[in-house]
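This is what each chain is made of:
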Amino acid sequence: MSNHTIPIVREQDFILIRSHIQELCAETGMNLINQTKLITAASELVRNILNYAKSGKVMMEIVSINARQGIKLTFTDEGPGIENLQAAMQDGYSTSSGMGLGLPGAKRLVSEFAIQSAPGKGTIVTLIHWKDGH
Amino acid sequence: MEKIPILRMGPFLLVTIQVDLYDQLALNLENDLISSISKTGAKGVLIDISALDIVDSFMGRILSNIASMSRLMDAGTVVVGMQPAVAITLVELGLKLHGVYTALTIEKGIALLQQQFTLRTSGQEEDTSSQDE
Ligand SMILES: Nc1ncnc2c1ncn2[C@@H]1O[C@H](COP(=O)(O)OP(=O)(O)O)[C@@H](O)[C@H]1O
Ligand SMILES: [Mg+2]
(Lines give C-alpha, C1' and ligand atoms only; values in the text may rest on other atoms or scores of the structure.)
(Ligands and ions follow the chains in the order given, each with its own letter.)
Protein backbone atom coordinates (compact mmCIF):
# COMPACT_ATOMS: atom_id res chain seq x y z
CA MET A 1 0.00 0.00 0.00
CA SER A 2 1.26 3.46 -0.89
CA ASN A 3 2.47 5.85 1.70
CA HIS A 4 3.22 9.50 1.54
CA THR A 5 5.69 11.64 3.45
CA ILE A 6 5.36 15.39 3.74
CA PRO A 7 7.95 17.66 5.40
CA ILE A 8 6.80 19.96 8.19
CA VAL A 9 8.64 23.25 8.10
CA ARG A 10 6.03 26.00 8.11
CA GLU A 11 2.47 26.34 9.43
CA GLN A 12 1.13 26.36 5.88
CA ASP A 13 2.41 22.78 5.40
CA PHE A 14 -0.60 21.64 7.38
CA ILE A 15 -2.88 22.49 4.44
CA LEU A 16 -1.24 19.83 2.28
CA ILE A 17 -1.11 17.33 5.15
CA ARG A 18 -4.78 17.83 5.90
CA SER A 19 -5.81 17.37 2.29
CA HIS A 20 -3.82 14.16 2.05
CA ILE A 21 -5.42 12.81 5.24
CA GLN A 22 -8.81 13.73 3.79
CA GLU A 23 -8.02 11.68 0.69
CA LEU A 24 -7.08 8.68 2.83
CA CYS A 25 -10.27 9.14 4.85
CA ALA A 26 -12.31 9.11 1.64
CA GLU A 27 -10.48 6.00 0.46
CA THR A 28 -11.26 4.14 3.67
CA GLY A 29 -14.77 5.59 3.94
CA MET A 30 -14.12 7.10 7.38
CA ASN A 31 -17.05 9.20 8.62
CA LEU A 32 -16.88 12.93 9.27
CA ILE A 33 -16.59 12.73 13.06
CA ASN A 34 -13.69 10.27 12.96
CA GLN A 35 -12.06 12.27 10.20
CA THR A 36 -12.40 15.46 12.29
CA LYS A 37 -10.85 13.74 15.31
CA LEU A 38 -7.90 12.44 13.30
CA ILE A 39 -7.22 15.77 11.58
CA THR A 40 -7.48 17.65 14.88
CA ALA A 41 -4.94 15.27 16.44
CA ALA A 42 -2.69 15.77 13.40
CA SER A 43 -2.96 19.54 13.79
CA GLU A 44 -1.78 19.28 17.41
CA LEU A 45 1.25 17.21 16.42
CA VAL A 46 2.18 19.47 13.52
CA ARG A 47 2.05 22.50 15.81
CA ASN A 48 4.22 20.68 18.36
CA ILE A 49 6.86 19.92 15.74
CA LEU A 50 6.88 23.54 14.58
CA ASN A 51 6.92 24.93 18.14
CA TYR A 52 9.40 22.62 19.79
CA ALA A 53 11.48 20.95 17.08
CA LYS A 54 11.23 23.63 14.34
CA SER A 55 10.92 20.98 11.62
CA GLY A 56 10.07 17.35 11.02
CA LYS A 57 7.94 15.19 8.78
CA VAL A 58 4.83 13.08 8.71
CA MET A 59 4.26 9.78 6.98
CA MET A 60 0.65 8.96 6.12
CA GLU A 61 -0.66 5.56 5.08
CA ILE A 62 -3.61 3.23 5.08
CA VAL A 63 -3.12 0.16 7.25
CA SER A 64 -5.27 -2.93 7.61
CA ILE A 65 -5.51 -5.88 9.94
CA ASN A 66 -7.74 -8.61 8.53
CA ALA A 67 -10.57 -6.64 6.97
CA ARG A 68 -10.18 -3.71 9.32
CA GLN A 69 -8.87 -0.53 7.74
CA GLY A 70 -7.40 2.49 9.38
CA ILE A 71 -5.11 5.44 8.82
CA LYS A 72 -1.66 5.57 10.34
CA LEU A 73 0.27 8.81 10.80
CA THR A 74 3.89 8.86 11.92
CA PHE A 75 5.30 12.22 13.02
CA THR A 76 9.07 12.34 13.27
CA ASP A 77 11.39 15.12 14.33
CA GLU A 78 14.99 15.49 15.35
CA GLY A 79 14.33 18.28 17.81
CA PRO A 80 15.32 18.47 21.50
CA GLY A 81 13.09 15.57 22.56
CA ILE A 82 10.94 15.49 25.68
CA GLU A 83 12.62 15.37 29.07
CA ASN A 84 9.64 14.35 31.16
CA LEU A 85 7.40 12.28 28.94
CA GLN A 86 5.05 11.33 31.73
CA ALA A 87 4.41 14.97 32.56
CA ALA A 88 4.06 15.89 28.89
CA MET A 89 1.20 13.38 28.58
CA GLN A 90 -0.76 15.09 31.40
CA ASP A 91 -3.56 17.54 30.64
CA GLY A 92 -2.41 21.10 31.20
CA TYR A 93 1.34 20.45 31.16
CA SER A 94 3.14 22.86 28.87
CA THR A 95 6.69 24.19 28.74
CA SER A 96 5.45 27.04 26.52
CA SER A 97 2.31 29.12 26.86
CA GLY A 98 0.20 26.34 25.34
CA MET A 99 -2.86 24.74 26.87
CA GLY A 100 -1.02 21.47 27.41
CA LEU A 101 -3.72 19.50 25.62
CA GLY A 102 -1.93 18.55 22.40
CA LEU A 103 -0.41 15.20 23.39
CA PRO A 104 -3.03 13.95 25.88
CA GLY A 105 -5.84 15.28 23.69
CA ALA A 106 -4.46 13.63 20.54
CA LYS A 107 -4.21 10.38 22.47
CA ARG A 108 -7.89 10.60 23.42
CA LEU A 109 -8.95 11.43 19.88
CA VAL A 110 -7.49 8.44 18.05
CA SER A 111 -7.66 4.64 18.35
CA GLU A 112 -3.97 4.05 19.03
CA PHE A 113 -1.25 6.41 20.17
CA ALA A 114 2.44 5.82 20.80
CA ILE A 115 5.22 8.26 21.60
CA GLN A 116 8.97 7.76 21.72
CA SER A 117 11.16 10.58 22.86
CA ALA A 118 14.33 11.28 24.79
CA PRO A 119 16.39 14.42 25.35
CA GLY A 120 18.63 14.98 22.36
CA LYS A 121 17.05 12.10 20.46
CA GLY A 122 14.04 13.75 18.85
CA THR A 123 10.45 12.61 19.02
CA ILE A 124 8.34 10.08 17.14
CA VAL A 125 4.57 10.04 17.57
CA THR A 126 2.53 7.31 15.89
CA LEU A 127 -1.23 7.45 15.56
CA ILE A 128 -3.62 4.89 14.16
CA HIS A 129 -7.26 5.69 13.73
CA TRP A 130 -9.42 2.74 12.68
CA LYS A 131 -12.24 3.43 10.31
CA ASP A 132 -14.89 2.68 12.93
CA GLY A 133 -13.15 5.00 15.39
CA HIS A 134 -12.45 2.26 17.98
CA MET B 1 -0.07 39.64 4.93
CA GLU B 2 -3.48 38.01 5.22
CA LYS B 3 -6.00 39.78 7.38
CA ILE B 4 -9.29 38.67 8.88
CA PRO B 5 -11.96 41.33 8.23
CA ILE B 6 -13.94 42.75 11.14
CA LEU B 7 -17.43 43.99 10.22
CA ARG B 8 -19.57 46.31 12.26
CA MET B 9 -23.17 45.20 12.88
CA GLY B 10 -24.92 47.85 14.94
CA PRO B 11 -23.49 47.67 18.47
CA PHE B 12 -21.59 44.45 17.69
CA LEU B 13 -18.60 43.32 15.66
CA LEU B 14 -18.67 40.30 13.35
CA VAL B 15 -15.56 38.29 12.57
CA THR B 16 -15.80 35.44 10.09
CA ILE B 17 -12.90 33.02 10.31
CA GLN B 18 -12.44 31.12 7.07
CA VAL B 19 -8.83 30.04 7.24
CA ASP B 20 -6.75 28.19 9.79
CA LEU B 21 -5.31 30.57 12.33
CA TYR B 22 -1.56 30.49 12.39
CA ASP B 23 0.39 32.43 15.00
CA GLN B 24 0.80 35.77 13.30
CA LEU B 25 -2.71 35.84 11.86
CA ALA B 26 -4.17 35.06 15.28
CA LEU B 27 -2.10 37.77 16.97
CA ASN B 28 -3.16 40.29 14.34
CA LEU B 29 -6.79 39.34 14.86
CA GLU B 30 -6.50 39.80 18.64
CA ASN B 31 -4.91 43.23 18.20
CA ASP B 32 -7.32 44.36 15.47
CA LEU B 33 -10.30 43.32 17.57
CA ILE B 34 -9.10 45.20 20.62
CA SER B 35 -8.59 48.39 18.67
CA SER B 36 -11.95 47.95 16.91
CA ILE B 37 -13.75 47.48 20.23
CA SER B 38 -12.15 50.57 21.70
CA LYS B 39 -12.72 52.65 18.56
CA THR B 40 -16.36 51.68 18.10
CA GLY B 41 -17.36 51.07 21.71
CA ALA B 42 -18.83 47.76 20.52
CA LYS B 43 -20.83 45.85 23.13
CA GLY B 44 -20.12 42.41 21.78
CA VAL B 45 -18.16 40.29 19.34
CA LEU B 46 -19.56 37.52 17.15
CA ILE B 47 -17.03 35.05 15.84
CA ASP B 48 -18.40 32.94 13.00
CA ILE B 49 -16.46 29.67 12.73
CA SER B 50 -18.93 27.78 10.51
CA ALA B 51 -16.26 27.53 7.80
CA LEU B 52 -13.77 25.80 10.10
CA ASP B 53 -13.67 22.01 9.87
CA ILE B 54 -11.33 21.68 12.82
CA VAL B 55 -10.55 23.70 15.94
CA ASP B 56 -7.43 22.62 17.77
CA SER B 57 -6.11 23.71 21.17
CA PHE B 58 -4.21 26.67 19.70
CA MET B 59 -7.32 28.05 18.00
CA GLY B 60 -9.31 27.35 21.16
CA ARG B 61 -6.84 29.40 23.16
CA ILE B 62 -7.18 32.30 20.73
CA LEU B 63 -10.98 32.21 21.08
CA SER B 64 -10.65 32.23 24.88
CA ASN B 65 -8.12 35.08 24.72
CA ILE B 66 -10.45 37.15 22.58
CA ALA B 67 -13.28 36.52 25.02
CA SER B 68 -11.26 37.60 28.06
CA MET B 69 -9.85 40.67 26.33
CA SER B 70 -13.33 41.71 25.16
CA ARG B 71 -14.67 41.21 28.64
CA LEU B 72 -12.07 43.61 30.03
CA MET B 73 -13.49 46.12 27.58
CA ASP B 74 -17.04 45.34 28.69
CA ALA B 75 -17.98 43.44 25.54
CA GLY B 76 -19.33 39.88 25.34
CA THR B 77 -18.14 37.19 22.93
CA VAL B 78 -20.25 34.60 21.16
CA VAL B 79 -18.82 31.92 18.91
CA VAL B 80 -21.37 31.00 16.26
CA GLY B 81 -21.82 28.15 13.80
CA MET B 82 -19.51 25.54 15.30
CA GLN B 83 -19.90 22.34 13.25
CA PRO B 84 -21.24 19.38 15.26
CA ALA B 85 -18.17 17.23 14.50
CA VAL B 86 -15.96 20.06 15.76
CA ALA B 87 -17.97 20.38 18.97
CA ILE B 88 -17.72 16.63 19.64
CA THR B 89 -13.99 16.65 18.94
CA LEU B 90 -13.36 19.61 21.27
CA VAL B 91 -14.93 17.73 24.17
CA GLU B 92 -12.65 14.75 23.64
CA LEU B 93 -9.63 16.98 23.14
CA GLY B 94 -10.44 18.34 26.60
CA LEU B 95 -10.76 21.94 25.52
CA LYS B 96 -13.07 24.16 27.53
CA LEU B 97 -13.79 27.53 26.04
CA HIS B 98 -13.82 29.62 29.20
CA GLY B 99 -16.02 32.68 29.08
CA VAL B 100 -17.08 31.95 25.52
CA TYR B 101 -20.75 31.61 24.70
CA THR B 102 -21.77 29.56 21.70
CA ALA B 103 -24.80 29.87 19.44
CA LEU B 104 -25.88 27.94 16.36
CA THR B 105 -26.54 30.92 14.12
CA ILE B 106 -25.54 34.58 13.87
CA GLU B 107 -29.15 35.60 14.65
CA LYS B 108 -29.12 33.55 17.84
CA GLY B 109 -25.71 34.92 18.70
CA ILE B 110 -26.97 38.46 18.35
CA ALA B 111 -29.98 37.66 20.53
CA LEU B 112 -27.63 36.29 23.17
CA LEU B 113 -25.43 39.41 23.14
CA GLN B 114 -28.48 41.69 23.25
CA GLN B 115 -29.77 39.82 26.24
CA GLN B 116 -26.43 40.18 28.07
CA PHE B 117 -26.28 43.84 27.15
CA THR B 118 -29.76 44.51 28.53
CA LEU B 119 -28.87 42.67 31.71
CA ARG B 120 -25.78 44.78 32.14
CA THR B 121 -27.54 48.09 31.51
CA SER B 122 -30.75 47.40 33.39
CA GLY B 123 -29.37 49.16 36.46
CA GLN B 124 -29.52 46.16 38.72
CA GLU B 125 -27.37 46.14 41.81
CA GLU B 126 -25.73 42.78 41.31
CA ASP B 127 -22.74 42.37 39.06
CA THR B 128 -23.84 40.62 35.90
CA SER B 129 -20.60 41.04 34.04
CA SER B 130 -19.24 37.67 35.07
CA GLN B 131 -19.52 35.28 32.16
CA ASP B 132 -18.03 32.16 33.58
CA GLU B 133 -20.84 29.64 33.26
N1 LIG C 1 7.88 17.29 19.16
C2 LIG C 1 8.24 17.73 20.38
N3 LIG C 1 9.55 17.96 20.67
C4 LIG C 1 9.92 18.40 21.90
N5 LIG C 1 9.06 18.62 22.91
C6 LIG C 1 7.75 18.41 22.69
C7 LIG C 1 7.26 17.96 21.43
N8 LIG C 1 5.92 17.81 21.50
C9 LIG C 1 5.58 18.15 22.76
N10 LIG C 1 6.67 18.52 23.48
C11 LIG C 1 6.69 18.91 24.90
O12 LIG C 1 5.53 18.38 25.53
C13 LIG C 1 4.77 19.43 26.13
C14 LIG C 1 3.29 19.12 26.03
O15 LIG C 1 2.87 19.16 24.68
P16 LIG C 1 1.32 19.45 24.38
O17 LIG C 1 0.51 18.45 25.14
O18 LIG C 1 1.12 19.50 22.91
O19 LIG C 1 1.04 20.87 25.03
P20 LIG C 1 1.50 22.34 24.57
O21 LIG C 1 1.99 22.24 23.15
O22 LIG C 1 0.27 23.17 24.68
O23 LIG C 1 2.56 22.77 25.51
C24 LIG C 1 5.19 20.69 25.40
O25 LIG C 1 4.99 21.84 26.19
C26 LIG C 1 6.66 20.41 25.11
O27 LIG C 1 7.47 20.68 26.24
MG1 LIG D 1 0.96 21.24 21.65
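A brief report on the enclosed structure follows.

The rules behind these values
- Residues numbered from 1 in each chain as written.
- Chains lettered and ligands numbered in written order.
- Predicted model: local features only at pLDDT ≥ 70, side-chain atom pairs only at ≥ 80, totals over all residues.
- Heavy atoms only, no water.
- Core = buried A, V, L, I, M, F, W, Y, C linked by side-chain atoms within 4.5 Å.
- Buried < 20%, exposed > 50% of the residue type's maximum accessible area, 1.4 Å probe, protein only.
- Helix = DSSP H or I, 4+ residues; strand = E, 2+ residues; numbered from the N terminus.
- Contact = heavy atoms within 4.5 Å.
- 1 Å grid on protein atoms, 1.4 Å probe; cavity = no way out; pocket = protein on both sides within 12 Å on 5 of 7 lines; lining within 4 Å.
- Points joined across faces, edges and corners; volume = space filled by probe spheres on them.
- Nonpolar A, V, L, I, M, F, W, Y, C, P; charged D, E, K, R; others polar.
- Pairing = 2+ DSSP bridges.
- Axes fitted to C-alpha atoms, helices over the stretch in contact; angles between N-to-C directions.

A closer look at the nonpolar core
- Counting residues in hydrophobic clusters, the biggest one holds 67 residues, and the most contacted among them are A:Ile21, A:Leu73, A:Phe75, A:Phe113, A:Leu127 and B:Leu21.
- Looking at this core, the element that brings in the most residues is helix 2 (residues 32-53) of chain A, giving 8 residues.
- Contacts of A:Phe113, omitting those with residues within four sequence positions, involve A:Met89, A:Leu103, A:Ala106, A:Lys107, A:Val125, A:Thr126 and A:Leu127.
- One finds B:Leu46, B:Val78, B:Val80 and B:Ile110 within the second-largest nonpolar core, a separate group that totals 8 residues.

Digging into the side chain of B:Ser57
- One can find B:Ser57 in helix 2 (residues 57-72).
- Every residue in contact with B:Ser57, bar those within four places of it in the chain, is listed here: A:Glu44, A:Met99, A:Leu101, A:Gly102, B:Leu93 and B:Leu95.

Structural notes on the layout of surface pockets
- Estimates place the volume of the largest pocket at around 760 Å³.
- Around the largest pocket, the lining comprises 36 residues; the ones closest to its centre are A:Arg47, A:Asn48, A:Asn51, A:Tyr52 and A:Ser96.
- For the lining of the largest pocket, the secondary structure elements donating two or more residues are helix 2, strand 3 (68-77), helix 4 (102-109) and strand 5 (123-130) of chain A together with helix 2 of chain B.
- The residue inventory of the lining of the largest pocket, partitioned by class, reads 15 nonpolar, 14 polar and 7 charged.
- By volume, the second largest pocket amounts to about 240 Å³.
- Together, 16 residues line the second largest pocket, and A:Glu11, A:Gln12, A:Phe14, B:Asp20 and B:Tyr22 are the ones closest to its centre.

Here's the deal with the sheet that holds strand 5 (residues 101-103) of chain B
All names here are of chain B.
- Taking strand neighbours across the sheet as the criterion, the 5 strands line up as 1-2-3-4-5 in an open arrangement whose pairing is mixed. The open sheet terminates on both sides in strands that have one partner only, identified here as strand 1 (6-9) and strand 5. Taking the axes of each pair of neighbouring strands and ignoring which way they run, one obtains an average angle of 25 degrees across the sheet.
- The sheet contact formed by strand 4 (residues 76-80) and strand 5 spans 3 bridges and is parallel. Across the sheet, the residue bridging to Val80 is Ala103, located in strand 5.
- On top of the sheet, helix 1 (residues 23-40) reaches strand 1, strand 2 (12-16) and strand 3 (44-48); it is set at about 160 degrees to strand 2, its chief contact.
- In the packing of helix 2 onto the sheet, contacts are made with strand 3 and strand 4, and the angle to strand 4 comes to roughly 150 degrees.

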